[in-house]
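# Overview (structure and organization)
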Amino acid sequence: MTYRELLRTPGAAAFFIPTAAGRVGIAMTSLSIVWLVRSATGSYATAGVVTGAFAVADALVGPQVGRLIDRFGQRRVLLPAALVHAVAVAALVLSAGYGAPGWVLAAAGALVGASLPQLSAAALARWSALLDGERKPALPTAYALESLSNSVAYLVGPALVSTIAAAGRPVLGTLSAAALVVAGGSMLALQRRTEPPVLARDGGHAHHRRALLRPGFMLLVGVNTTIGGFFGTMSIAVTAFALERGTPGLAAVLFAASNGAGLLAVVVYGQRRWHAEPRIQLAVAALALGLGSLPLLAGGSPAVVLAGVSAGVLLTAVAVPVVLVLGSTLADAVVDRGVLTEAFAWPGSASAAGGAVAATVAGLAVDGAGARGGLLVAVAAAGSTTALALTGLRALRPAERD
């Protein structure tokens with residue numbers, strides 16, 4: 001099934017479009033907070049603290065929002081979350097405008113993160129319900145489409161908010177992000193036709209949630225943790241590599257090439273029907289990630305090192321999005337439907353946690369051994385992903401639905 005055919009499925013476009021718009025707002029939010037707080041306080045340190053509070057709250061609370069959605073339904077959770085998010089952003093903007101102390105700004109930032117509607121998890125759960133039965137083979141294409149939408153959002157969102165803020169309107173950038181998030185979340189919630197049924201009410205919810213402790217799902221959380229570690233490391237290591245060469249602009253070129261390769265990989269993967277089981281595909285993609293990261297450690301002349309790093313950036317960029325798409329496919333297969341939204345939310349939180357830890361380790365490695373130290377940490381993270389995927393083939397066998 002092609003992407004066009006997928007969106008022609010009755011009800012699909014009606015929830016995909018607002019989710020895509022909301023994702024752009026989510027992609028804008030973190031950077032918009034940096035611009036807003038930096039403009040109001042003149043301090044990058046304060047901006048970093050507030051943004052960190054936002055990210056930590058999102059990572060910790062996101063799966064709990066997913067849990068509430070599974071128990072009470074998308075409409076009954078997403079609409080209040082969108083309202084609270086609007087209030088939280090207003091509180092942050094007003095606090096910044098009136099010169100509130102840093103702890104107040106951090107608290108407001110944490111509330112902004114905690115109230116983010118879990119649009120990606122909710123959309124994935126809708127696809128799973130919509131494509132059940134005979135249309136289930138199209139699920140990997142649907143998850144690839146969601147991944148593509150997310151990638152585009154993180155290309156467009158930061159560029160948009162940077163343009164607005166650089167024009168001297170950081171408040172407008174923050175409010176624009178919030179408007180997209182609130183509108184996207186509200187419109188998604190109002191699409192009752194494709195809302196998944198609530199299967200985990202009352203006492204049955206604890207029974208369904210035990211599925212999240214299955215080895216297969218825990219393995220997928222581990223894979224997302226190491227993938228997050230790879231992302232967090234590469235942003236530091238590649239930047240350090242460019243600066244060491246005396247060509248700071250090289251980092252932007254490598255990141256742009258990486259984004260382009262990742263988008264192309266998702267498009268190609270989603271358009272094909274693959275005959276191998278998803279768990280086998282995951283093992284192959286993770287192996288490609290591990291092997292593709294090895295050129296990052298190339299030694300020799302500066303030209304050889306540059307070629308190796310460039311090749312490593314491109315090869316891993318092709319493998320990573322495929323691993324993430326397969327993670328969603330396998331999560332759908334190994335957990336019960338009654339906790340599917342929460343299951344889709346946990347990998348994102350795990351990725352954020354892995355990225356934060358790995359970024360710290362990579363920073364220390366770069367300080368101690370230069371860019372090569374950071375690149376070594378990236379290769380270790382990629383290798384960990386490969387090891388988890390290869391050793392977890394048995395655990396990733398599809399489970400019987402309860």
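Refer to the structure above for everything that follows.
Attention here is on the structure that accompanies the text. Note that the coordinates shown come from a computational prediction; the quantities given were computed from them, not determined experimentally. (Residues numbered from 1 in each chain as written. Predicted model: local features only at pLDDT ≥ 70, side-chain atom pairs only at ≥ 80, totals over all residues. Heavy atoms only, no water.)

## A few points about the nonpolar core
- Counting 97 residues, the largest nonpolar core has Leu92, Trp127, Phe230, Leu282, Leu296 and Phe344 as its most contacted members.
- Per-element accounting of this core gives the leading share, 13 residues, to helix H10 (residues 215-244).
- Ignoring sequence-local partners within four residues, the contact set of phenylalanine 230 consists of Leu289, Thr316, Val320, Ala378, Ala381 and Ala382.
- Counting residues in hydrophobic clusters, the runner-up holds 6 residues, among them Val24, Ala153, Val161 and Ala177. (Core = buried A, V, L, I, M, F, W, Y, C linked by side-chain atoms within 4.5 Å. Buried < 20%, exposed > 50% of the residue type's maximum accessible area, 1.4 Å probe, protein only. Helix = DSSP H or I, 4+ residues; strand = E, 2+ residues; numbered from the N terminus. Contact = heavy atoms within 4.5 Å.)

## Thoughts on the environment of threonine 29
- Mapping threonine 29 onto the fold places it in helix H2 (residues 12-41).
- In this structure, the C-alpha to C-alpha distance between threonine 29 and leucine 172, residues 143 residues apart in sequence, is 12 Å.
- In this structure, threonine 29 is in contact with Phe54, Val112, Ala177 and Val181, ignoring residues within four places of it in sequence.
- Within the structure, the side chain of threonine 29 is placed 2.7 Å from the backbone oxygen of glycine 25, a separation counted as a polar contact. (Polar contact = N/O pair within 3.5 Å; in protein donor to acceptor, adjacent residues only side chain to side chain.)

## Overview of the packing of aromatic side chains
- In total, this model carries 3 aromatic pairs according to the counting rule given.
- Relative to tryptophan 127, the ring of phenylalanine 15 lies with its centre 5.0 Å away and its plane at 65°, an arrangement referred to as edge-to-face. Of the two residues, phenylalanine 15 is situated in helix H2 and tryptophan 127 in helix H6 (residues 119-130); the sequence distance between them amounts to 112 residues. Of the two residues, phenylalanine 15 and tryptophan 127, both sit in the buried class.
- Measuring from centroid to centroid gives 5.8 Å for tyrosine 143 and phenylalanine 344, while their planes differ by 65°, and the two rings are edge-to-face. Taken as a pair, tyrosine 143 in helix H7 (residues 139-166) and phenylalanine 344 in helix H14 (residues 340-369) lie far apart in primary sequence, 201 residues in all.
- Assessed through its relative accessible area of 10%, phenylalanine 344 is described here as buried. (Phe/Tyr/Trp six-rings, centres within 6.5 Å; stacked < 30°, edge-to-face > 60°.)

## Considering the packing of helix H3 (residues 44-72) against helix H5 (residues 102-114)
- The interhelical angle for the contact between H3 and H5, taken along N-to-C directions, is 30°, at an axis separation of 7 Å. As the angle between them shows, H3 and H5 are arranged roughly parallel. H3 and H5 meet at a crossing whose hand is right-handed. Contacts from Thr46, Val49, Val50, Ala53, Phe54, Ala57, Asp58, Val61 and Val65 of H3 reach H5 at Gly102, Leu105, Ala106, Gly109, Ala110, Val112, Gly113 and Ala114. (Axes fitted to C-alpha atoms, helices over the stretch in contact; angles between N-to-C directions. Parallel < 35°, antiparallel > 145°, perpendicular 65-115°, else oblique. Left-handed = near helix turned anticlockwise from the far one by under 90°.)

## Description of H7
- Between its first and last C-alpha, H7 extends 40 Å over 28 residues, near the 40 Å set by a 1.5 Å rise per residue.
- Phi turns positive one or two residues past the end of H7, at glycine 168, with a value near 90°. (Expected span 1.5 Å × (residues − 1).)

## Notes on the environment of leucine 330
- Mapped onto the elements of the fold, leucine 330 is located in helix H13 (residues 302-334).
- Sequence separation between leucine 330 and glutamate 277 is 53 residues; the distance between their C-alpha atoms is 9.8 Å.
- Every residue in contact with leucine 330, bar those within four places of it in the chain, is listed here: Leu220, Pro278, Arg279, Leu282 and Leu396.

## Description of empty space enclosed by the protein
- Per the stated rule, a full pass over the model turns up 1 cavity of 30 Å³ or more.
- Considered as a void within the structure, the largest cavity measures approximately 40 Å³ in volume.
- Lining the largest cavity, in full, are Thr29, Ser32, Ile33, His85, Val89, Leu92, Val112, Thr174, Ala177 and Ala178.
- Sorting the residues of the lining of the largest cavity by element identifies H2, helix H4 (74-97) and helix H8 (170-189) as the ones contributing at least two each.
- Its residues placed into classes, the lining of the largest cavity shows 6 nonpolar, 4 polar and no charged. (1 Å grid on protein atoms, 1.4 Å probe; cavity = no way out; pocket = protein on both sides within 12 Å on 5 of 7 lines; lining within 4 Å. Points joined across faces, edges and corners; volume = space filled by probe spheres on them. Nonpolar A, V, L, I, M, F, W, Y, C, P; charged D, E, K, R; others polar.)

## Re the environment of alanine 358
- Looking at the secondary structure, you find alanine 358 in helix H14.
- A residue is classified by how much of its surface remains accessible, and alanine 358, at 12% relative accessible area, is buried.
- Once the C-alpha coordinates of alanine 358 and alanine 333 are considered, the two residues, 25 residues apart in sequence, prove to be 29 Å apart.
- Aside from chain neighbours lying at most four places away, what touches alanine 358 is Gly229 and Thr233.

## Some details on the side chain of threonine 233
- Structurally, the position occupied by threonine 233 is in helix H10.
- Of note is the side chain of threonine 233, whose polar atom sits 2.8 Å from the backbone oxygen of glycine 229.
- Those residues within four positions of threonine 233 in sequence are excluded, and the remaining contacts are Ala358, Ala362, Gly374, Val377 and Ala378.

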